[in-house]
Amino acid sequence: MTRAYLVTVFTVATMLGMWDPVRADEQAPAAAPAPYSAGFFERSTLTGDWGGVRNDLAEKGVKFDLSLTQVGQGVVSGGKNGTWEYGGRGNLTTNIDTQKLGLWPGGFFTLEVEGNYADSVNGKTGALMPVNSNQLFPVPTGDNLNIPQLSFAQFVCPYAGVLLGKLDTTSADANEFAHGKGDRQFFNMAFGLNPSAATVPYSPLGAGVIVLPTGDPDRAILNAMVVQAQASASTSGFENLSAEKLVTSGEGRVRTDFFGLTGHQLVGGFYSNKTFAELDQRLRFVLTNRFASKEGSWTVYYNFDQYLYETDDQGHGVGVFARFGASDGNPNLLHYFYSAGVGGKGVIPSRPNDQFGLGYYYVDVTSPTLQGPLQTRSFLRDEWGFEAYYNVAITPWLLLTPDIQVIGPSQKQQITGLRSRTNIDTAAVLGFRLQVVL
């Protein structure tokens, strides 16, 4: 889908009067202003209302969300290396609503600036699934400051809109109890995102269509996107823009309200036409001394969340969640993925901002094979893991989270000398996270 097509759709819709700002306001009431001006221990952010400026900007459609998330974690038994590591990630997200700003209806700009520093234990467990997903963004290694998202969405009517720009793809696969970059809920990436979608880059250039069947995004939302298959938050993306390196995706999420309790069902999938390295490099690798390639990769995924008990209509209660993903198994080595667990928010009346979660995941791994003169080795095995966390809201803007994970890693052995190998056993990982909402 080209930029010219998106502009044409918006222009025609405007001329036909498809966008009705009064109707849109009736269907999507304005949210209550954030309590930036509350007392020091009650307000939502550490820095408050900035002398009233922050509240004024929010009323005019300009909102700033800032946070600093720090994680200390150690592999206390098993795995590859038992040392402790410390790292952190800062995030600034700016959202602009053009209608509230007095410009035109239906326009939304998003700018995200993100940086991380120091290190993590992700490479020291022997697992494919990172045990500290907070440290993966914007890029996994080094000290970084990048812009993973700069996008514009334009709704042409209360039920449909278009989106284009550099996109943060972690917003997909949403789940009430298990979603995100490891800064509020689970640490392990297996619970924040569906890892079967690992062939989709984090920060690609892309465009797409958003559909709201009822006009309310909380009831149902559909999208179809085309993004580049090779991208990074550290680059603009234009240097890798190619018709032969694209991902086409679609996703739908609906609210269910089974038994009068909040729940969601989500299904999605994508296809990439990029050429990947073949996992099975047996005879061809030996004869030609080069890696064989395979064009295309597909994945389908599903998740649900369902409250079993709700204390009020503010998202407080206890519920269950589950995810499933399936891929071609080659070139995507994560053939099947499953996860399930229990989550809760604000269960204790006096602690409405606390959260907790307990989950299990399993990955059916397709092990790469390389054939040498003497033997064919299998390097990987299926992987599983447990995680439990409790997010203690010391104040609404200061959150402390102890976490424990037990991982059966996919990597079988590590090289410890010129000719020696040691087995990689089940890893136990302890960690603490401290987030400050600025």
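Not measured: the values here are computed from a predicted model.

**Looking at the overall build of the protein**
Here is step 1: Across its full length, the protein holds 5 helices and 21 strands.
Here is step 2: Evaluated residue by residue, the protein yields a buried proportion of 46% over its 438 residues.
Here is step 3: Approximately 20,600 Å² of the protein is accessible, and the part contributed by carbon and sulfur atoms is 63%.

**Section: the pairing of strand 1 (residues 62-79)**
Here is step 1: Taken together, the 13 bridges between strand 1 and strand 2 (residues 84-97) define a ladder with antiparallel strand orientation. Considered in strand 2, the bridge of G72 is made with Y86.
Here is step 2: Counting the residues in the hairpin turn of strand 1 and strand 2 gives 4 residues.
Here is step 3: In the sheet, strand 1 pairs with strand 21 (residues 425-437) via 11 bridges, with the strands oriented antiparallel.

**Structural notes on the pattern of salt bridges**
Here is step 1: Throughout the structure, instances matching the rule amount to 13 salt bridges.
Here is step 2: Of the charged contacts in the structure, one is a salt bridge between E85 and K124, with a shortest N-O distance of 2.3 Å. Note that E85 is positioned in strand 2 and K124 in the loop between strand 3 (107-118) and strand 4 (144-157), a separation of 39 residues in sequence.
Here is step 3: For K124, a relative accessible area of 17% gives the class buried.
Here is step 4: A salt bridge links R89 to E114; the nearest nitrogen and oxygen atoms lie 2.6 Å apart. With R89 in strand 2 and E114 in strand 3, the pair connects residues that are 25 residues apart, well separated along the chain. Like E114, R89 is buried.
Here is step 5: One salt-bridge network, in which partners are shared between bridges, spans R89, E112, E114, D168, K181 and D183.

**Considering the nonpolar core**
Here is step 1: Counting 29 residues, the largest nonpolar core has M129, F186, F191, F321, Y361 and V363 as its most contacted members.
Here is step 2: If sequence neighbours within four positions are ignored, F191 has contacts with A178, H179, F186, F321, R323, S339, A340, G359, Y360, Y361, G385 and E387.

**Here's the deal with the environment of T169**
Here is step 1: Tracing the backbone through its elements, the reader meets T169 in the loop between strand 5 (160-166) and helix 4 (189-192).
Here is step 2: On the basis of relative accessibility, which here comes to 24%, the residue T169 falls in the partly exposed class.
Here is step 3: A sequence separation of 33 residues divides T169 from Y202, and the C-alpha atoms of the two residues are 5.4 Å apart.
Here is step 4: Within the structure, the side chain of T169 is placed 3.0 Å from the backbone oxygen of Y202, a separation counted as a polar contact.

**What about the side chain of N134?**
Here is step 1: Its location among the elements puts N134 in the loop between strand 3 and strand 4.
Here is step 2: Given the relative accessible area of 0%, N134 is considered buried.
Here is step 3: Ignoring anything within four residues of it in the chain, the contact list for N134 reads T69, V71, G88, R89, K181, G182 and D183.

**Concerning the packing of aromatic side chains**
Here is step 1: Evaluated as defined, the whole model comprises 19 aromatic pairs.
Here is step 2: Ring geometry for F324 and Y338: centres 5.4 Å apart, planes at 45°, overall tilted. Note that F324 is positioned in strand 12 (residues 317-327) and Y338 in strand 13 (residues 334-345), a separation of 14 residues in sequence.
Here is step 3: Taking relative accessible area as the criterion, Y338 reaches 38% and is therefore assigned partly exposed.
Here is step 4: The rings of F186, F191, F321, Y361 and Y389 are connected pair by pair, giving a single aromatic cluster.
Here is step 5: Taking NZ or CZ as reference, K181 lies 5.4 Å from the ring centre of F137, over its face.

**Observations concerning unusual backbone geometry**
Here is step 1: Here the residue pair F137 and P138 is connected by a cis peptide bond, since its omega of 5° sits within 30 degrees of zero.
Here is step 2: In this fold, P138 is placed in the loop between strand 3 and strand 4.
Here is step 3: Of note, W50 is a non-glycine position whose phi angle comes to about 55°, a positive value.
Here is step 4: Relative to the assigned elements, W50 resides in the loop between helix 2 (21-27) and helix 3 (53-59).

**So, a nonpolar patch on the surface**
Here is step 1: Nonpolar side chains collect at one region of the surface, where V76, W84, I394, L400, I404, L430 and F432 lie side by side and expose about 630 Å² of accessible area between them.
Here is step 2: Only strand 18 (398-408) and strand 21 provide two or more residues apiece to the nonpolar patch.
Here is step 3: The topology assignment puts L400 in strand 18.

**Some details on the environment of K166**
Here is step 1: Its location among the elements puts K166 in strand 5.
Here is step 2: Along the sequence, K166 and F152 sit 14 residues apart, while their C-alpha atoms lie 9.0 Å from each other.
Here is step 3: Of note is the side chain of K166, whose polar atom sits 2.7 Å from the backbone oxygen of S203.
Here is step 4: From its side chain, K166 meets the backbone oxygen of S232 in a polar contact 3.1 Å long.

**Considerations on the side chain of S272**
Here is step 1: If you trace the backbone, S272 turns up in strand 9 (residues 263-277).
Here is step 2: Those residues within four positions of S272 in sequence are excluded, and the remaining contacts are A229, L246, V247, G296 and S297.

**With respect to the pairing of strand 7 (residues 220-228)**
Consecutive side chains of a regular strand alternate in pointing toward one face of the sheet and then the other.
Here is step 1: The sheet contact formed by strand 6 (residues 205-211) and strand 7 spans 6 bridges and is antiparallel. Pairing of V211 across the sheet is with L222, part of strand 7.
Here is step 2: In terms of strand pairing, strand 7 meets strand 8 (residues 246-255) through 9 bridges, oriented antiparallel. Residue pairing for strand 8: A220 is matched across the bridge by V254.

**A few points about the confidence of the model for the protein**
Here is step 1: Within the protein, residue pLDDT values average 84, and 84% of them lie at 70 or more.
Here is step 2: With pLDDT under 50 throughout, residues 1-31 is counted as low confidence; its partners more than four residues away or in other chains account for 34 contacts.
Here is step 3: In this model, residues 283-287 is a region of pLDDT below 50 whose contacts with residues beyond four sequence positions or in other chains number 9 contacts.

**Things to note about the environment of K412**
Here is step 1: For K412, the position within the fold is in the loop between strand 18 and strand 19 (413-415).
Here is step 2: The class for K412 is partly exposed, based on a relative accessible area of 30%.

Analysis parameters
Residues numbered from 1 in each chain as written. Predicted model: local features only at pLDDT ≥ 70, side-chain atom pairs only at ≥ 80, totals over all residues. Heavy atoms only, no water. Helix = DSSP H or I, 4+ residues; strand = E, 2+ residues; numbered from the N terminus. Buried < 20%, exposed > 50% of the residue type's maximum accessible area, 1.4 Å probe, protein only. Areas by Shrake-Rupley, 256 points an atom, 1.4 Å probe, with all protein chains shown as cover. Pairing = 2+ DSSP bridges. Salt bridge = Lys/Arg side-chain N within 4 Å of Asp/Glu carboxyl O. Core = buried A, V, L, I, M, F, W, Y, C linked by side-chain atoms within 4.5 Å. Contact = heavy atoms within 4.5 Å. Polar contact = N/O pair within 3.5 Å; in protein donor to acceptor, adjacent residues only side chain to side chain. Phe/Tyr/Trp six-rings, centres within 6.5 Å; stacked < 30°, edge-to-face > 60°. Lys NZ or Arg CZ within 6 Å of the ring centre and 35° of its normal. Patch = residues over 30% accessible without salt bridge, like charges linked within 9 Å, V, L, I, M, F, W, Y side chains within 5 Å. pLDDT = per-residue confidence, 0-100.

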